[in-house]
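# Chain and residue survey
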Amino acid sequence: MRILAIESSCDETAAAVLDGAELRANVVVSQIDMFKAYGGVIPEVAARSHLEAILPVIDKALLDAGLKTAEGKNDWEKIDAVAVTHTPGLLGSLLIGTLTARTLAILHEKPLYAVHHLKSHIYANWIGVSEAEAPEFPLVALVVSGGHTQIIYMPNHNQFEIIGTTLDDAVGECFDKVAKILGLPYPGGPAIAKAAEKGDAEKYKLPHPQIEGLDFSFSGLKTAVLRAVQKEVGVGIDFPSHELRERLNTQQVADVAASFQKTAVEILMEKVRKAVRERGEVKSVVLAGGVSANQALREAAKELEREGVRIYVPEKQYAGDNAAMVAEAARFEIQAGVEPTDPRKLNISPRSVIY
Ligand SMILES: Nc1ncnc2c1ncn2[C@@H]1O[C@H](COP(=O)(O)OP(=O)(O)OP(=O)(O)O)[C@@H](O)[C@H]1O
Ligand SMILES: [Mg+2]
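Structure report, in brief. In this text, all values refer to a predicted model and were calculated from it rather than measured experimentally. (Residues numbered from 1 in each chain as written. Chains lettered and ligands numbered in written order. Predicted model: local features only at pLDDT ≥ 70, side-chain atom pairs only at ≥ 80, totals over all residues. Heavy atoms only, no water.)

### Observations concerning the sheet that holds strand β4 (residues 81-87)
Within the open sheet, the 5 strands sit side by side as β3-β2-β1-β4-β5. Their pairing is mixed. Each having just a single partner strand, β3 (22-30) and β5 (112-116) make up the two edges of the open sheet. Each adjacent strand pair in this sheet contributes to an overall mean axis angle of 20 degrees, direction not counted. (Pairing = 2+ DSSP bridges. Helix = DSSP H or I, 4+ residues; strand = E, 2+ residues; numbered from the N terminus. Axes fitted to C-alpha atoms, helices over the stretch in contact; angles between N-to-C directions.)

Written out as structure tokens, the structure is:
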């Protein structure tokens, strides 16, 4: 079974080819460099960039996978199914990927699998992993990305129960906003992690939200960082946040980054530990989403192994948005006998829901 997968939910245009369990091509064109200048994604610009990139990206994936005819044309005979991210994401961005996938499925008479984006992030943990080494069920997945922070319980493949979610900001968004306060570049996550390497994580005491159950809140942490920085440079709470960076030296930036990162990781891991204890019999904890590339989070998660669970993290190249994870999620849908979607009827919705 060969699957061509397409991803365009935010600011990466991506296509991948999965042949059985073997990843044959994985092409990602990121718009990050363009959005660095703006400090964030502009949805209309992202959609237009997807439109320019999507066909060349698919062509390149088919070329890399060796799926061209002798005349150099795409060999659609050798593709068995098309998979695409259908939600959640930016509406204009999703439209480009889904319209392309629907058109290809209709034109070449292939079954179409519309895959939920968060499910794909979770299935990044299966890419290139043998059956014996793959995460065992039941598992708890921590999905930490630019738009989501969720704890998802999976008793088996394709079964999802959201048991915790953020009540306000996503943790990735919080990394990005704190980076802005500190004058670090977009995306904030990698920049904060780098700055934190030289910082004192104990310098600033930042609060943990007092939320019952398994839900999260990150807007308070962002404000706490802002107040700590304002206090550090000796200005009031009405001082414009975009002017703070000029008053901070490199060591202060590193210390705030380290203290923030430590607190964010602690908040995430407290809830994951609680979820594992409450559910009982959890065999694996799986990290997923862009923030799962964070080394401090990976190391903190490893400590959970003392509780008798195995920890899985995606390869760093598969933590952020890509199409290999979409193909992998589709592979397990096909294996489970999930019906394909009628390409003429696929509706997209930016709602954040998981099956
Ligand atoms: N090393 C890192 N440490 C912390 N955060 C990181 C790191 N690398 C990336 N991130 C964060 O990951 C986020 C991007 O992840 P991803 O691409 O999965 O999100 P998204 O696709 O925009 O959102 P969603 O998946 O919820 O739709 C950004 O907020 C970025 O700052
Ligand atoms: Mg994503």
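### Let's talk about the coordination of the magnesium ion (ligand 2)
Bound to the magnesium ion (ligand 2) on the protein side are H117 (NE2), H121 (NE2) and D321 (OD), at distances that span 2.1 to 2.2 Å. Mapped onto the sequence, the donors of the magnesium ion (ligand 2) take the spacing H-x3-H-x199-D. Note that H117 is positioned in helix α4 (residues 117-123) and D321 in the loop between β10 (310-312) and α10 (324-335), a separation of 204 residues in sequence. Here H117 and D321 have matching classes, each one buried. (Donors = N, O, S within 2.8 Å, 3.2 Å for Na, K, Ca; no water. Buried < 20%, exposed > 50% of the residue type's maximum accessible area, 1.4 Å probe, protein only.)

### Considering the site of ligand 1
By nearness alone, 20 residues border ligand 1, and S145, H148, D176, G189 and D321 come closest of all. The contact in question runs from an oxygen atom of ligand 1 to an N or O atom on the side chain of H121, over 3.1 Å. The contact in question runs from an oxygen atom of ligand 1 to an N or O atom on the side chain of H148, over 2.6 Å. Burial of ligand 1 by the protein amounts to 86% of the accessible area it has alone, namely 640 Å². Taken together, domain 1 (2-124 + 318-335) and domain 2 (136-313) each give at least three residues to the shell around ligand 1, which thus spans both. (Near = heavy atom within 4 Å. Polar contact = N/O pair within 3.5 Å; in protein donor to acceptor, adjacent residues only side chain to side chain. Areas by Shrake-Rupley, 256 points an atom, 1.4 Å probe, with all protein chains shown as cover. Domains from an automatic or database assignment.)

### A look at the environment of S292
Within the secondary structure, S292 sits in the loop between β9 (284-288) and α9 (295-302). With a relative accessible area of 0%, S292 lands in the buried category. Note: C-alpha distance between S292 and H121 (171 residues apart in sequence) is 9.9 Å.

### Points about the packing of aromatic side chains
Under the counting rule described, the total for this entry stands at 7 aromatic pairs. Look at Y123 and F332: their rings are 5.2 Å apart centre to centre, the planes differ by 35 degrees, and that puts the pair in the tilted class. Highlighted residues: Y123 in helix α4 and F332 in helix α10, separated in sequence by 209 residues. On the basis of relative accessibility, which here comes to 8%, the residue F332 falls in the buried class. Taken together, a centroid distance of 6.1 Å and an interplanar angle of 65 degrees make the contact between W126 and F332 edge-to-face. Highlighted residues: W126 in the loop between α4 and β6 (139-144) and F332 in helix α10, separated in sequence by 206 residues. The buried category is assigned to W126, whose relative accessible area is 3%. (Phe/Tyr/Trp six-rings, centres within 6.5 Å; stacked < 30°, edge-to-face > 60°.)

### Quick word on unusual backbone geometry
For the bond from F137 to P138, the omega torsion is -5 degrees, close enough to zero to count as cis. Tracing the chain through its elements places P138 in the loop between α4 and β6. Although it is not a glycine, E281 sits at a positive phi angle of roughly 55 degrees. Within the element layout of this structure, E281 appears in the loop between α8 (250-279) and β9. Taking the relative accessible area as the measure of exposure, E281 reaches 73% and is therefore exposed.

### With respect to the packing of helix α2 (residues 43-64) against helix α3 (residues 91-108)
Two elements in contact, α2 and α3, have axes separated by 8 Å at closest approach and are oriented at 30 degrees. The angle between the axes of α2 and α3 places the two elements in the roughly parallel class. In the packing of α2 onto α3, the handedness of the crossing is right-handed. Facing α2, whose interface residues are A46, A47, H50, L51, I54, L55 and I58, α3 presents G92, S93, I96, G97, T100 and L104. Residues belonging to the contact of α2 with α3 are distributed by class as follows: 8 nonpolar, 5 polar and no charged. (Parallel < 35°, antiparallel > 145°, perpendicular 65-115°, else oblique. Left-handed = near helix turned anticlockwise from the far one by under 90°. Contact = heavy atoms within 4.5 Å. Nonpolar A, V, L, I, M, F, W, Y, C, P; charged D, E, K, R; others polar.)

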